[in-house]
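One letter stands for each residue in the lines below.
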Amino acid sequence: QVQLVESGGGLVQAGGSLRLSCAASGRSFSNYVMGWFRPAPGKEREFVAAISWLSGGRTYYADSVKGRFTISRDNAKNAVFLQMNSLKPEDTATYYCAARVRYDSDDASNYNYWGQGTQVTVSS
């Protein structure tokens, strides 16, 4: 069982940056693939980024955030981060941290554990 708590959301102007954090409790955090998702028109949860459980953490990004967002993890601290730069108004959303065991995935339906979300608002 994994419990996830996001933080770091807020209000920022277009072009600005935010760093989201997700703190995980439970055992064997290093065995979990971690992802970030957000709602989108027609989708309850749209893929944003994911990072593998493997040492070195292979990363994956949605095309819409590639080059602007960076996902990372600190297994010693049971935490995953999403550094968001060059933010755009269309990035405004509630961002959810999610976890699943072992296998990399960009499909929200494959993730078993979810946080409550943190709101990001980007003003133009």
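Here we summarise the structure given alongside this text. Each chain has its residues counted from 1, following the order in which its sequence is written. With the structure being a predicted model, the display of local features is reserved for residues of pLDDT at least 70 and the display and counting of side-chain atom pairs for 80 or more, all residues being used for whole-chain, interface and lining totals. Think of the side-chain values as coming from all heavy atoms in the structure, minus any hydrogens and water.

### Let's talk about the overall build of the protein
Reasoning step 1: Elements are defined by DSSP. Helices are runs of H or I of four residues or more, strands are runs of E of two residues or more, and each kind is numbered from the N terminus. What the protein contains, in helices and strands, is zero helices and 11 strands.
Reasoning step 2: Ordered by position from N to C terminus, the α and β elements of the protein give β-β-β-β-β-β-β-β-β-β-β.
Reasoning step 3: Two things to know: the radius of gyration comes from C-alpha atoms, and the globule rule equals 2.2 Å times the number of residues to the power 0.38. Its C-alpha atoms give the protein a radius of gyration of 13 Å, near enough to 14 Å, the size a compact globule of 124 residues would have.
Reasoning step 4: With the principal axes as the frame, the protein shows a C-alpha extent of 40 × 30 × 25 Å.
Reasoning step 5: Buried positions account for 44% of the 124 residues belonging to the protein.
Reasoning step 6: The method behind every accessible area is Shrake-Rupley, applied with a 1.4 Å probe, and residues are considered shielded solely by the protein chains displayed. Put simply, the protein shows about 6,400 Å² of open surface, and 45% of that area lies on carbon and sulfur atoms.
Reasoning step 7: Counting rule applied: Lys, Arg positive; Asp, Glu negative; His and chain ends not counted. Taken as the charge centre is NZ of Lys, CZ of Arg, CG of Asp or CD of Glu, depending on the residue. Distance between charge centroids for the protein: 6 Å, based on 13 positive and 10 negative side chains. Only protein chains enter the accessibility calculation, which uses a 1.4 Å probe; a residue whose area is less than 20% of its type maximum is buried, one above 50% is exposed, and one in between is partly exposed.

### Describing the state of the cysteines
Reasoning step 1: Disulfides are defined in this document as cysteine sulfur pairs within 2.5 Å. Counted by the stated rule, this structure contains one disulfide.
Reasoning step 2: Covalently, cysteine 22 is tied to cysteine 97 through a disulfide, its sulfur atoms 2.1 Å apart. Across the S-S bond linking cysteine 22 and cysteine 97, the dihedral sits near -80 degrees, which makes this disulfide left-handed. With cysteine 22 in strand β3 (residues 18–25) and cysteine 97 in strand β9 (residues 93–101), the pair connects residues that are 75 residues apart, well separated along the chain. Of the two residues, cysteine 22 and cysteine 97, both sit in the buried class.

### Structural notes on the environment of alanine 93
Reasoning step 1: In this structure, alanine 93 sits in strand β9.
Reasoning step 2: Alanine 93 gets classed as buried once you look at its relative accessible area, which sits at 8%.
Reasoning step 3: Between the C-alpha atom of alanine 93 and that of alanine 40, which follows or precedes it by 53 residues, the distance is 8.1 Å.
Reasoning step 4: In contact with alanine 93, not counting residues within four places along its chain, are Arg38, Pro39, Thr118, Gln119 and Val120. By definition in these notes, contact holds between two residues if any of their heavy atoms fall within 4.5 Å.

### A word on the pairing of strand β1 (residues 3–7)
Reasoning step 1: Burial of β1 is one-sided: the residues Leu4 and Glu6 facing one way are buried, the residues Gln3, Val5 and Ser7 facing the other way are not.
Reasoning step 2: Across five bridges, β1 lies against β3 in antiparallel orientation. Following the sheet pairing, serine 7 is matched in β3 by serine 21. Note on pairing: two strands pair once DSSP finds at least 2 bridges between them.

### Considerations on the nonpolar core
Reasoning step 1: Leu4, Met34, Trp36, Leu82, Met84 and Tyr95 are the most contacted members of the largest nonpolar core, which totals 37 residues.
Reasoning step 2: Breaking this core down by element, the ones donating at least two residues are β3, β4 (32–40), β5 (43–51), β7 (69–74), β8 (79–84), β9 and β11 (118–123).
Reasoning step 3: Beyond its immediate stretch of four places on either side in the chain, methionine 84 contacts Gly16, Ser17, Leu18, Leu20, Arg68, Phe69, Tyr95 and Val120. What is meant by a nonpolar core is a set of buried Ala, Val, Leu, Ile, Met, Phe, Trp, Tyr and Cys residues, joined one to another through side-chain atoms within 4.5 Å.

### Focus on the sheet that holds β3
Reasoning step 1: With antiparallel pairing, four strands are arranged side by side in an open sheet as β1-β3-β8-β7. In this open sheet, the two edge strands, each paired with only one partner strand, are β1 and β7. Adjacent strand axes in the sheet meet at a mean angle of 15 degrees when their direction is disregarded.
Reasoning step 2: Bridge count for β7 against β8 is six bridges, and the pairing is antiparallel. Note on β8: the bridge partner recorded for arginine 73 is valine 80. Whenever a helix is involved, its axis is fitted only over the stretch in contact; in every case the axis is a line through C-alpha atoms, and angles between N-to-C directions fall within 0 to 180 degrees.

Keep in mind that these numbers describe shape and distance, not what the molecule does.
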